[in-house]
Amino acid sequence: MNSYTAHPRQGDKANSPFFEEWLPRLLEERDRLGLTENIRRIDALMMTLEPGHSAAYIRELCLMTPYNYLVTLDTDQHLTHILRIDMNYPDVLVREVKDPDLRGIFRSLNEVYPIGAKKPNSRYMGEIFQVENLHEVVEIQKSREIRFFNQEQIRQMEFPGNMAIVKPSPYTHNIIGYWERPDNDIRVYALGNSRIDPEMQAAFEQAQELRERVKISELLLPIDHLATRIYSQNREVAILEYLGLSSYYYWGSYDIPDQNSSTNVTKSLHYDDVLHTPAKVFTAANHPYFCNHLLQTPSPTESFVRNFGPRLHHIAVAVRDGKTQGKTNIDYVVSSLAECGQEFLLQVIGSEQEGLKQIFSRASTHTSLIIEYVQRFHGFEGFFTKENVADLTAAAGTEESLRSLESEARK
């Protein structure tokens, strides 16, 4: 079994004595109990949308990523649209709420935040992990004081019945799910009536046709990482909690002092290539919001969390290394999408000499999620450069400040 001790620590962010004490203790226990071996890859990502937004979002996502519409699962309160690349990469489950007034725990996680409350049913929910033995994982996690929704609650919330789902994290507000799926078995979700939705199929076909016409289909790769923003005081406990729920290891953290922020990376022990199971990134401010007036520095991460709540901030899509029509592939993808009307928060940053280039799209009006594109050159072994992260964080912070002002103006 691959051990977390085989991976040298990266980064320059100093952690507390608490973190450094509990990190090896928790991971050694995880190994000893068999959880590290039992919990495998991320099999699916789950998100929920407001009524009537699914077709537009599927068109958007299937243009900007390599995902394809597969099928819709119809239940009393939701339409769950399954997007898939193939069985080597995670599915995306887009859950559309049928009744805009539907109440529930996930809606409540939005409603206490000023901008999050504007779309109370719209949020990223969390990841579903493939496990080798579901019963063992659940019983071990319960013995470690992890709390799960019971089967009646899963039925009422209309989650697939073949999953065990951990209650939302107090630090990230995300859920973690587990299901038992042998590698050779296709993913089948025990939920509702399965059908092809004509509206979703048409939206996908429009996106696919456009993706092919601008010649970016072969350049877009699967998800590279998922980035969650959290409060400053929750940085270390959120990382430790996620490691205890997954088979990931702590890759390291980098300090971004110009943006009063740090970027903290965790990666799978089972897959060296993040495209098979995305890295999970946690971004947190270095200081809480009430210090900002004394520091006189930007605080885009803390501002985002105060406005939207702890949640996923962006999904990073990898771009194939190489060049197209004399441009690096990421520049070609971005310019092609810009011609289709997609807006971006800044120019492509980084360089081939530095090892990677990156860019943020404007946040989706349907999910508030940003799509990041990242091209790694010649097998670049780092995860990012501090300069790139600082520029991306600043650009996202500028847009989020504008959205906050717009929200205040509409009151």
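All of these numbers come straight from a predicted model, not from anything done at the bench.

What counts and what doesn't
Counting from 1, residues in each chain are numbered in the order their sequence is written. Per-residue local features of the predicted model are confined to residues with pLDDT of at least 70, and side-chain atom pairs are confined, for both listing and counting, to 80 or more; whole-chain, interface and lining totals are unaffected and use all residues. Calculation of side-chain values draws on the structure's entire complement of heavy atoms; hydrogens and water are dropped beforehand. Helix and strand definitions follow DSSP, with helices as H or I runs of at least four residues and strands as E runs of at least two, each counted in order from the N terminus. Atoms considered for the radius of gyration are the C-alpha atoms alone. The globule rule reads 2.2 Å times the number of residues to the power 0.38. When accessible area is computed with a 1.4 Å probe and restricted to protein chains, residues below 20% of their type maximum are described as buried, those above 50% as exposed, and intermediate ones as partly exposed. Should any heavy atoms of two residues lie within 4.5 Å, those residues are considered in contact. Reported accessibility uses the Shrake-Rupley method at a 1.4 Å probe radius. Residues are deemed covered only where the shown protein chains occlude them. His is not counted, nor are the chain ends; Lys and Arg add positive charge and Asp and Glu add negative charge. Note that the charge is assigned to NZ on lysines, CZ on arginines, CG on aspartates and CD on glutamates. Pairs of strands are assigned from DSSP output, requiring at least two bridges between the strands. A fitted line through C-alpha atoms represents every axis, and for helices the fit uses only the stretch in contact; the resulting angles, taken between N-to-C directions, go from 0 to 180 degrees. Working definition: roughly parallel below 35 degrees, roughly antiparallel above 145 degrees, roughly perpendicular at 65 to 115 degrees, and oblique for all remaining angles. Left-handed is the label given to a crossing in which the near helix is rotated counterclockwise from the far helix by less than a right angle, and right-handed is the label when the rotation is clockwise. Each residue gets one of three labels, nonpolar for Ala, Val, Leu, Ile, Met, Phe, Trp, Tyr, Cys and Pro, charged for Asp, Glu, Lys and Arg, and polar for the others, Gly among them. Among the buried residues, those of types Ala, Val, Leu, Ile, Met, Phe, Trp, Tyr and Cys that are joined through side-chain atoms within 4.5 Å form a nonpolar core. What counts as a ring pair is set by centres within 6.5 Å for rings of Phe, Tyr and Trp (its six-membered ring), and what kind of pair is set by the plane angle: stacked under 30 degrees, edge-to-face over 60, tilted for all other angles. Only lysine NZ and arginine CZ atoms are considered, and such an atom sits over a ring when it is within 6 Å of the ring centre and within 35 degrees of the ring normal. When a carboxyl oxygen of Asp or Glu lies within 4 Å of a side-chain nitrogen of Lys or Arg, that pair is called a salt bridge.

> Pulling in residues and values, what's your account of the overall build of the protein?
Along the backbone of the protein there are twelve helices and 19 strands. Here the C-alpha atoms of the protein give a radius of gyration of 20 Å, agreeing with the 22 Å that 2.2 N^0.38 yields for 411 residues. For the protein, the spread of C-alpha atoms along the three principal axes comes to 55 × 50 × 50 Å. Counting every position in the protein, which comprises 411 residues, the buried fraction comes to 60%. In the protein, of all internal contacts separated by at least 6 residues, the share reaching a separation of at least 24 is 70%. Working note: accessible area of the protein is about 16800 Å², and carbon and sulfur atoms make up 49% of it. Looking at the protein, you have 43 positive and 56 negative side-chain charges, and the mean spots of the two groups are 3 Å apart.

> Before we move on, can you summarise the sheet that holds strand S10 (residues 220-230) with the specific residues and values?
In space, the nine strands of this open sheet follow the order S1-S11-S12-S13-S10-S14-S19-S18-S17, with mixed pairing throughout. Every interior strand has two partners, whereas the edge strands, strand S1 (10-11) and strand S17 (349-351), have only one.

> Please provide a residue-by-residue account of the packing of helix H3 (residues 54-64) against helix H7 (residues 198-213), values included.
Running from N to C, H3 and H7 point in directions that differ by 25°, and their axes come no closer than 8 Å. Between H3 and H7, the angle falls in the class roughly parallel. Where H3 crosses over H7, the handedness of that crossing is right-handed. Contacts from Ser 54, Ala 55, Ile 58, Arg 59, Cys 62 and Leu 63 of H3 reach H7 at Glu 199, Met 200, Ala 203, Phe 204, Gln 206, Ala 207, Leu 210 and Arg 211. A per-class count over the contact of H3 with H7 returns nine nonpolar, two polar and three charged.

> Lay out the nonpolar core in plain terms, naming residues and giving numbers.
General note: in soluble globular proteins, nonpolar side chains tend to be found buried as a group. The biggest cluster of nonpolar side chains holds 98 residues, and the ones touching the most others in it are Leu 83, Tyr 178 and Tyr 373. A total of seven residues in this core trace back to one element, the largest contributor, which is H3. Excluding residues that lie within four positions of it along the chain, Tyr 373 makes contacts with Met 64, Leu 220, Val 317, Val 319, Ile 330, Val 333, Val 334, Leu 337, Phe 344, Lys 357, Gln 358 and Ile 359. If you look at the next biggest cluster of nonpolar residues, it comprises 20 residues, including Leu 73, Ile 128, Ile 154 and Leu 191.

> Break down the packing of aromatic side chains for me, citing the residues and quoting the values.
This model, assessed by the stated rule, comprises 18 aromatic pairs. A centroid spacing of 6.4 Å and a plane angle of 40° characterise the contact between Phe 18 and Trp 22, whose relative ring orientation is tilted. Of the two residues, Phe 18 and Trp 22 both sit in helix H1 (residues 17-33), four residues apart, roughly one turn of that helix. On the basis of an interplanar angle of 85° and a centroid distance of 5.9 Å, the ring pair of Phe 106 and Phe 159 is categorised as edge-to-face. Taken together, the residues Phe 106 in helix H4 (residues 105-111) and Phe 159 in the loop between helix H6 (151-157) and strand S7 (164-165) connect sequence positions 53 residues apart. The same class applies to Phe 106 and to Phe 159, which are both buried. An aromatic cluster is built from Phe 129, Tyr 242, Tyr 248 and Phe 282, whose rings are joined through pairwise contacts. The side chain of Arg 306 reaches across the aromatic face of Tyr 289, ending 3.6 Å from its centre.

> Lay out the pairing of S10 with the relevant residues and their values.
Of all the eleven residues making up S10, eleven are buried; the element is thus mostly covered by neighbouring parts of the structure. Here S10 runs beside strand S14 (residues 311-319); their pairing, made up of seven bridges, is antiparallel. Bridge pairing in S14 links Arg 229 to Arg 311. When S10 meets strand S13 (residues 279-285), the two strands line up parallel, connected through six bridges. From the neighbouring strand, His 225 faces S13, where its bridge partner is Ala 279.

> Provide a residue-level description of the pattern of salt bridges, including the pertinent values.
Under the criterion given, the structure shown has 21 salt bridges. The salt bridge partner of Asp 74 is Arg 195, with a shortest N-O separation of 3.4 Å. A residue pair is termed long-range when its members are at least 10 positions apart, and Asp 74 in strand S3 (residues 68-74) and Arg 195 in strand S9 (residues 193-195) qualify at 121 residues. In this structure Arg 195 comes out as partly exposed when scored by relative accessible area, which is 30%. Its salt-bridge partner being Glu 111, residue Arg 103 comes within 2.8 Å of it at the nearest N-O pair. Looking at Glu 111, the relative accessible area reads 31%, which means it is partly exposed. A cluster of three or more residues bridged by salt bridges with shared partners is formed by Asp 43, Arg 84, Asp 91, Arg 181 and Arg 187.

> Please set out the pairing of strand S18 (residues 356-360) residue by residue, giving values where relevant.
The buried count for S18 comes to five of five residues, which makes it a mostly enclosed element. Burial along S18 is two-sided: the face carrying Leu 356, Gln 358 and Phe 360 and the face carrying Lys 357 and Ile 359 are both buried. Sheet analysis places S17 next to S18, joined by three bridges and oriented antiparallel. Each residue of the ladder has a partner; that of Ser 351, found in S18, is Leu 356. Counting the residues that bridge the hairpin from S17 to S18 gives four residues, and of these Gly 355 lies at a positive phi of roughly 110°. Judged from the five bridges that link them, S18 and strand S19 (residues 370-376) form a sheet pairing that is antiparallel. What sits directly across from Lys 357, in S19, is Gln 375.

The values are spatial; any link to function lies outside them.
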